[in-house]
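Notes for the structure review
Below, each chain spelled out in residue letters.
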Amino acid sequence: MTSRIQVVAIVGSVWFLLLVLELVRRRKLAEEYSALWIVGALALLGAAIRRDLIDSTASWLGIYYGPTVLLLGLVVVVSAVLLWMSVVLSRQQSEIDRLTEETAILAAEVRDERSKGRRRAS
Amino acid sequence: MKVVRRILTLIPAHNEAANLPAVVAELRHRRADLEILVVDDGSTDGTTDVLERLGVRWLGWSRRRGVGSAVRAGLRYGSRLGFGVVVRLDADGQHDAADIERLLARLADDDVDAVLGSRYADQDAGPRFLKRALASVVSAVTRRRVTDATSGFWALGPRAVALLARHHPRGYPEPELHLFLSRNGLNVEEVPVGSRARLSGRSSLTATRLFAAAARVLLAVIIVPLRARVDS
């Protein structure tokens, strides 16, 4: 029998999945960063449809209270996303550093050329 | 035949408008043959105007990115201009330009890639406990005697310039620089140099920055020796 919470979980998971896809469609979320969120939404949807999967996973892990598996999964996914975002942030900081340095060097080279030009003209 | 290389003096600066005229004047007095490049790391005290008046080469950006980024950009610019040797010194006037000669003389040895000007190599009154401890840790990891792991007075030869123009450590990089050069097989030597108090103003190293730098150095001590070597 389908319980109310199961319906809410299914609707919530589908809504979340659609939200991620819509963000990708509007180019507000890059494809490469959407993968983990899509996988997370599908996992939530799977768990909402097949509740017995939660119970069997809990039993396999030796967890007495089934819904704890959901919380555990959530913590793992969020931690993975945060770590991944830190990697992305570090990469972007490095790229910004390089771009800033290159821009400064180019500006200095332009200054040098103008100065040479002025010396030649005078 | 000894190759004659062009030498650049590189000065990273953050809010040192008050000190730069004296530092540049001393350099020109002592070594008029060296070109001077100042990298303005996001100063807010009108350093750019001072640099224009001084007539030195300079580059800079609007927000502070750290001395590591400033030195890396300066080395890259210098290496594109054909400078094979770079002398790096601080903008606060604590380094005596007369010591440059001693650094360059040591760098002229065939097997030396970089020379560090150490403030504590010759002195009985050594550095404070933390600096001494840091120097001991860096010495142990690099398997080379380092007496001053935080000195910003360096002479860099062609190999070091080429490598660091691409890979100079970020942030507060002096201790990490020792680890990085050692990891990549570059030979670093020390020569004793004098040390003076900064000419004016205060150091931009606050307690928070020092704490962050210390944490970063601790991590670097573990991580840098484990990293793969880089190609220059």
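Not measured: the values here are computed from a predicted model.

1. Let's talk about the overall build of chain B
Of the regular secondary structure elements, chain B holds 8 helices and 7 strands. Computed over its C-alpha atoms, the radius of gyration of chain B comes to 17 Å, within 12% of the 17 Å expected for a compact globule of 232 residues. Its C-alpha atoms give chain B principal-axis dimensions of about 50 × 45 × 35 Å. Pairs at least 24 apart in sequence give 78% of the contacts found in chain B among residues at least 6 apart.

2. Re the overall build of chain A
Within chain A one finds 4 helices and 0 strands. Overall, chain A shows an N-to-C arrangement of helices and strands of α-α-α-α. Relative to the globule expectation of 14 Å for 122 residues, the C-alpha radius of gyration of chain A, 26 Å, shows a markedly less compact shape. Taking the principal axes of its C-alpha atoms as reference, chain A extends roughly 90 × 30 × 15 Å. Taking the intrachain contacts of chain A between residues at least 6 apart in sequence as the baseline, contacts between residues at least 24 apart amount to 48%.

3. A look at the interface of chain B and chain A
Facing the 12 residues of chain B at the interface are 7 residues of chain A. Broken down by secondary-structure element, the contributors of at least two residues to the side of chain B that touches chain A are β3 (57–61) and α3 (67–80) of chain B.

4. Examining the nonpolar core
Residues and elements named next belong to chain B. If you look at the biggest cluster of nonpolar residues, it comprises 62 residues, and the most contacted ones within it are L10, V38, V86, A155 and L156. If you tally residues by element for this core, the top one is α3, at 6 residues. If we skip the residues at most four places from it in the chain, L156 touches V85, V86, R88, A114, V161 and L164.

5. Brief notes about the sheet that holds strand β2 (residues 35–41) of chain B
Residues and elements named next belong to chain B. The strand order across the open sheet formed by 7 strands is β3-β2-β1-β4-β6-β5-β7, and the pairing between neighbours is mixed. Both outer strands of the open sheet, β3 and β7 (188–192), are each paired with one neighbouring strand and no more. Recorded for the sheet is a direction-independent mean angle of 20 degrees between the axes of neighbouring strands. With 3 bridges connecting them, strand β4 (residues 85–88) and strand β6 (residues 154–156) associate as antiparallel partners. For V86, the partnering residue across the bridge sits in β6 and is L156. In the packing of helix α2 (residues 47–54) onto the sheet, the strands contacted are β1 (7–13), β2 and β3, and the crossing angle to β2 comes to about 165 degrees. Along the sheet, α3 makes contact with β1, β2, β3 and β4, crossing β1 at roughly 155 degrees.

6. A word on unusual backbone geometry
Look at R27 of chain A: it is not a glycine, yet its phi comes out positive at around 60 degrees. Here R27 of chain A lies in the loop between α1 (4–25) and α2 (31–49). Of the residues examined, R27 of chain A has 8 C-beta atoms within 10 Å and is grouped as exposed. For N15 of chain B, which is not a glycine, the phi torsion comes out positive at approximately 50 degrees. Tracing the sequence through the fold places N15 of chain B in the loop between β1 and α1 (20–30).

7. Looking at the environment of A213 of chain B
Secondary-structure assignment places A213 of chain B in helix α8 (residues 207–223). Sequence separation between A213 of chain B and Y172 of chain B is 41 residues; the distance between their C-alpha atoms is 6.0 Å.

8. Quick word on the pairing of β1 of chain B
Residue and element names in this part refer to chain B. Along β1, 6 of the 7 residues are buried, which leaves the element largely enclosed by surrounding structure. Summarising the sheet, β1 and β4 pair through 4 bridges and their orientation is parallel. Residue pairing in the sheet places T9 in a bridge with V87 of β4. Read as a crossover between parallel neighbours, the route from β1 over α1 to β2 is right-handed.

9. Concerning helix α6 (residues 158–167) of chain B
Those residues of α6 of chain B not exposed but buried are A160, V161, L163, L164 and A165 of chain B. On its buried face, α6 of chain B sits against α3, β4, β5 (114–118), β6 and α7 (174–183) of chain B.

10. As for the confidence of the model for chain B
Residue-level pLDDT values for chain B average 88, and 93% of them are 70 or greater. This prediction of the complex comes with two scores: 0.83 for pTM and 0.84 for ipTM.

Each value, and the rule that gives it
- Residues numbered from 1 in each chain as written.
- Chains lettered and ligands numbered in written order.
- Predicted model: local features only at pLDDT ≥ 70, side-chain atom pairs only at ≥ 80, totals over all residues.
- Helix = DSSP H or I, 4+ residues; strand = E, 2+ residues; numbered from the N terminus.
- Rg over C-alpha atoms; globule rule 2.2 N^0.38 Å.
- Contact = placed C-beta atoms within 7 Å.
- Core = buried A, V, L, I, M, F, W, Y, C linked by C-beta atoms within 7 Å.
- Buried ≥ 20, exposed ≤ 12 C-beta atoms within 10 Å, placed from the backbone.
- Pairing = 2+ DSSP bridges.
- Axes fitted to C-alpha atoms, helices over the stretch in contact; angles between N-to-C directions.
- Right-handed = clockwise from strand over helix to strand, strands pointing away.
- pLDDT = per-residue confidence, 0-100.

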